[in-house]
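# Coordinates in review
Read off the chains here:
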Amino acid sequence: MTSGFSAPINALVADVGSPPIPEAQSWTKRYDGAYGPLINLSQAVPGNAPHPGMLERMAATAGSAAGSQYGPINGDGDLRQAYAADLSRLYEGRIAPEDTAMTAGCNLAFFAAMMLLAHRGEAVLLPTPWYFNHQMSLDMLGIEPRPLPCRAEAGFVPRVEDAEPLIDAKVRAIVLVTPNNPTGAVYPAHVIESFAELCRRRKIYLVIDETYRDFLPNGMNRAHGLFTSDEWRDTVIQLYSFSKSYAIPGHRMGAITADADLIEHVAKILDCIQICAPRTAQAALPWAIDGLRDWREENRAEINKRARVFREALAPLPEWRIESVGAYFAYLRHPFPGKTAQAVAEKLATERGVLCLPGSYFGPGQEGHLRVAIANVGADILVGLTERLRGLAL
């Protein structure tokens, strides 16, 4: 029995909505199986198991006393060395281990970067539609997520000319996400580089989230050339996810790359919110970065195949318009004007057994869209979407 008294909590946290994915997943309890097994295209989950060699190495570390101890705040030295060498090779730049820090997933990397760059009352430009955890993080920190509109007719690629008028004395950074979550849009290198130049000129930071970097279209091996000169050190902070690339999301492994002086400040934040990144995956990744290069390429080819199969599955249904697709995601315009995205997504989940997320989860002006995580299931399942979507009525 309680007294009825409830002490207040931080209003910035209380005012943020609950995590949206559990809400969507709850709809599936009402699906009766009429169209076959549930097709879960909601949360971005690697659709393949980790490599056996990765599992073996992680198991050995997890079963060791050393693997149960704290590690260095910014990450194990072997991993930082291997990761910096891989970045230098890929981007043809000069990136040192001291320019990197390991984090418990890329969401934590984003949170730490925002704590580093802005404080309550300041602002960050966030392209819309946005990744809802980015918006939630900024709201809880008291930082304004200032929408940078990305238009369907431009492939959901942000434009510098739209961003510059939004920058005032409150803006501390611009965030770019490529390949994008939720739209799947892949930003051209010249667009990313023009944003870096804008940030240099306006003396703010460019935070580029490359969680899905290893799933770029075949033949496109890097998203930009920002690291080819040392100018990046004054402007750029890059975020990355090992979780997706190595199919280990439950082991929570991400990274921040920034000039070493900034990383020293990042370490203060990481010491308070994680102490160290998970040791089990850190021990296996120095081997995996080089040893699983071919395996990652095979996964990239498979993900690109799934995007192609998704397009083919929806080709007979022109009323469902794919407005963007890439890496893990497709952004789909639904054929029900005047109906909310949530109503459409809920109907798909409860009647047809297809779970995707409503565009309204991803910021203002998205009621006409659904986000589809096409990487979650195999091509053999994606082909069945034609019949699942055909004839849906609201």
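In what follows, the accompanying structure is described. (Residues numbered from 1 in each chain as written. Predicted model: local features only at pLDDT ≥ 70, side-chain atom pairs only at ≥ 80, totals over all residues. Heavy atoms only, no water.)

This next bit is on the environment of Leu-90. Tracing the backbone shows Leu-90 in helix α4 (residues 77-91). You can call Leu-90 buried: its relative accessible area is 14%. Sequence-distant contacts of Leu-90, defined by excluding residues within four places in its chain, comprise Arg-213, Asn-221 and Arg-222. (Helix = DSSP H or I, 4+ residues; strand = E, 2+ residues; numbered from the N terminus. Buried < 20%, exposed > 50% of the residue type's maximum accessible area, 1.4 Å probe, protein only. Contact = heavy atoms within 4.5 Å.)

This part is about helix α13 (residues 341-352). Its 12 residues give α13 an end-to-end C-alpha distance of 16 Å, which sits within 8% of 16 Å, the value for a rise of 1.5 Å per residue. Every buried residue of α13 is listed here: Ala-341, Val-344, Ala-345, Leu-348, Ala-349, Thr-350 and Arg-352. Against the buried residues of α13 lie α2 (20-27), β11 (354-355), β12 (357-358), β13 (369-373) and α15 (385-389). (Expected span 1.5 Å × (residues − 1).)

A few words on the sheet that holds strand β10 (residues 329-333). Pairing within the open sheet is antiparallel, and its 4 strands lie in the order β9-β10-β13-β12. Looking at which strands have only one partner, the edges of the open sheet turn out to be β9 (321-326) and β12. Where β10 lies against β13, 5 bridges are found, and the strand directions are antiparallel. Its bridge partner being in β13, Leu-332 is matched across the sheet by Leu-370. The strands that α13 touches are β12 and β13; relative to β13, the one it contacts most, it runs at about 45°. (Pairing = 2+ DSSP bridges. Axes fitted to C-alpha atoms, helices over the stretch in contact; angles between N-to-C directions.)

Time to look at the packing of aromatic side chains. Per the counting criterion, the structure on display carries 14 aromatic pairs. Look at Phe-132 and Phe-362: their rings are 5.4 Å apart centre to centre, the planes differ by 40°, and that puts the pair in the tilted class. Separated by 230 residues along the polypeptide, Phe-132 in helix α6 (residues 132-141) and Phe-362 in the loop between β12 and β13 bring together distant segments of the chain. An identical accessibility class is assigned to Phe-132 and Phe-362; each is buried. Ring centres 6.1 Å apart and planes at 35° place the aromatic pair Phe-242 and Tyr-246 in the tilted group. By relative accessible area, Phe-242 is classed as buried at 1%. Relative accessible area serves as the criterion here: at 2%, Tyr-246 is assigned to the buried category. Taken together, the aromatic side chains of Tyr-83, Tyr-240, Phe-242 and Tyr-246 make up a single cluster linked through ring pairs. Between the NZ or CZ atom of Arg-57 and the centre of the ring of Trp-287, over which it lies, the distance is 3.7 Å. (Phe/Tyr/Trp six-rings, centres within 6.5 Å; stacked < 30°, edge-to-face > 60°. Lys NZ or Arg CZ within 6 Å of the ring centre and 35° of its normal.)

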